[in-house]
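These are the residues of each chain, in order.
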Amino acid sequence: MDNRQAIGSWLSGPRAAAEEMGADFGHRGERLGLPEEGPGSMAPLGRRFGALFIDWTLCMVIAYGLIARGDQAVAGNWAVALLFVISVLTVGTVGSTPGKRLLGLRVISVDGERLGFGRVIVRSVLLCLALPALIWDRDGRGLHDRLSRAVQVRV
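Residues numbered from 1 in each chain as written. Predicted model: local features only at pLDDT ≥ 70, side-chain atom pairs only at ≥ 80, totals over all residues. Heavy atoms only, no water.

Visitor: Let's hear about the packing of helix α4 (residues 72-93) against helix α6 (residues 117-129): which residues, and what values?
Guide: Put simply, α4 and α6 touch, their axes get as near as 9 Å, and they point 150° apart. Classed by the angle they form, the pair α4 and α6 counts as roughly antiparallel. In this structure, α4 crosses over α6, and the sense of that crossing is right-handed. The segment α4 lies against α6, with V80, L83, F84, S87, V88, V91 and G92 engaging F117, V120, I121, R123, S124, V125, L127 and C128. Of the residues that constitute the contact of α4 with α6, the class distribution is 11 nonpolar, three polar and one charged. (Axes fitted to C-alpha atoms, helices over the stretch in contact; angles between N-to-C directions. Helix = DSSP H or I, 4+ residues; strand = E, 2+ residues; numbered from the N terminus. Parallel < 35°, antiparallel > 145°, perpendicular 65-115°, else oblique. Left-handed = near helix turned anticlockwise from the far one by under 90°. Contact = heavy atoms within 4.5 Å. Nonpolar A, V, L, I, M, F, W, Y, C, P; charged D, E, K, R; others polar.)

Pasting the structure below:
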């Protein structure tokens, strides 16, 4: 094997290396019964990060301006609490946070129904811990979504 090929497979990750050897994983969300493209398909990673960025910015502005009165150290802690509250209230009722709504995303249960209140709380707590949201499965779902049996889809 050429060293350049070995380095390339290492940089692109195990999935790309396995696909190069002939493994067929299907499209993201196929195991969940989701379409490959269009409404109801898995939300792309970039949109999910964009939605989280919008939600986090909203929470920081509210915390910094209204609650912490300009104290940055205190504002960060309040922003996490606000992210939890906004996530529980909005995902629990309409299925998407303001950032997700703006970018055309929605959180649903893996069976296609609205996510129940208990699972919304589990998902929101894990999201606020940050680390579970950074661990993904092969469908691109974060650990917070897997443990709450949720999936983020395009609207």
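Resuming the write-up.
Visitor: How would you summarise the layout of surface pockets if you had to cite specific residues and measurements?
Guide: When its volume is computed, the largest pocket comes out at roughly 360 Å³. Every residue lining the largest pocket is counted, 23 residues in all, and those nearest its centre are R48, L52, L127, A133 and H144. It is helix α3 (residues 45-67) that provides the largest number of residues to the lining of the largest pocket, a total of seven residues. Grouping the constituent residues of the lining of the largest pocket by class yields 13 nonpolar, five polar and five charged. Considered as a void within the structure, the second largest pocket measures approximately 250 Å³ in volume. Around the second largest pocket sit 17 residues that line it, and R28, R48, R138, D139 and G140 are the ones nearest its centre. Residue classes in the lining of the second largest pocket are distributed as six nonpolar, three polar and eight charged. (1 Å grid on protein atoms, 1.4 Å probe; cavity = no way out; pocket = protein on both sides within 12 Å on 5 of 7 lines; lining within 4 Å. Points joined across faces, edges and corners; volume = space filled by probe spheres on them.)

Visitor: Go over unusual backbone geometry with me, naming the residues and quoting the values.
Guide: Here the phi dihedral of R69 falls at roughly 50°; this positive angle occurs in a residue that is not glycine. Along the chain, R69 turns up in the loop between α3 and α4. With relative accessibility at 69%, the residue R69 sits in the exposed group. Backbone geometry places A130, a non-glycine residue, at a positive phi of 70°. On the basis of relative accessibility, which here comes to 38%, the residue A130 falls in the partly exposed class. (Buried < 20%, exposed > 50% of the residue type's maximum accessible area, 1.4 Å probe, protein only.)

Visitor: So what about the packing of aromatic side chains? Which residues, and what values?
Guide: The tally for this structure, following the rule as stated, stands at one aromatic pair. Ring centres of F49 and W136 lie 6.3 Å apart, and the angle between their planes is 65°; on these two criteria the pair is classed as edge-to-face. Separated by 87 residues along the polypeptide, F49 in helix α3 and W136 in the loop between α6 and α7 (143-147) bring together distant segments of the chain. For W136, a relative accessible area of 41% translates into the label partly exposed. (Phe/Tyr/Trp six-rings, centres within 6.5 Å; stacked < 30°, edge-to-face > 60°.)

Visitor: Give a description of the nonpolar core that names residues and reports values.
Guide: Within soluble globular proteins, side chains that are nonpolar tend to cluster in buried spots. Residues C59, A63, A68, A75, A79, L82, L83 and I86 constitute the largest nonpolar core, which totals eight residues. Here this core takes five residues from α4, the largest share from any one element. If we ignore the near neighbours within four places in the chain, the residues touching L82 are C59, I62, A63 and I67. Counting residues in each nonpolar core, the second largest holds six residues, with V88, V91, V120 and A150 among its members. (Core = buried A, V, L, I, M, F, W, Y, C linked by side-chain atoms within 4.5 Å.)

Note that all results are geometric; they support no functional claim without further evidence.
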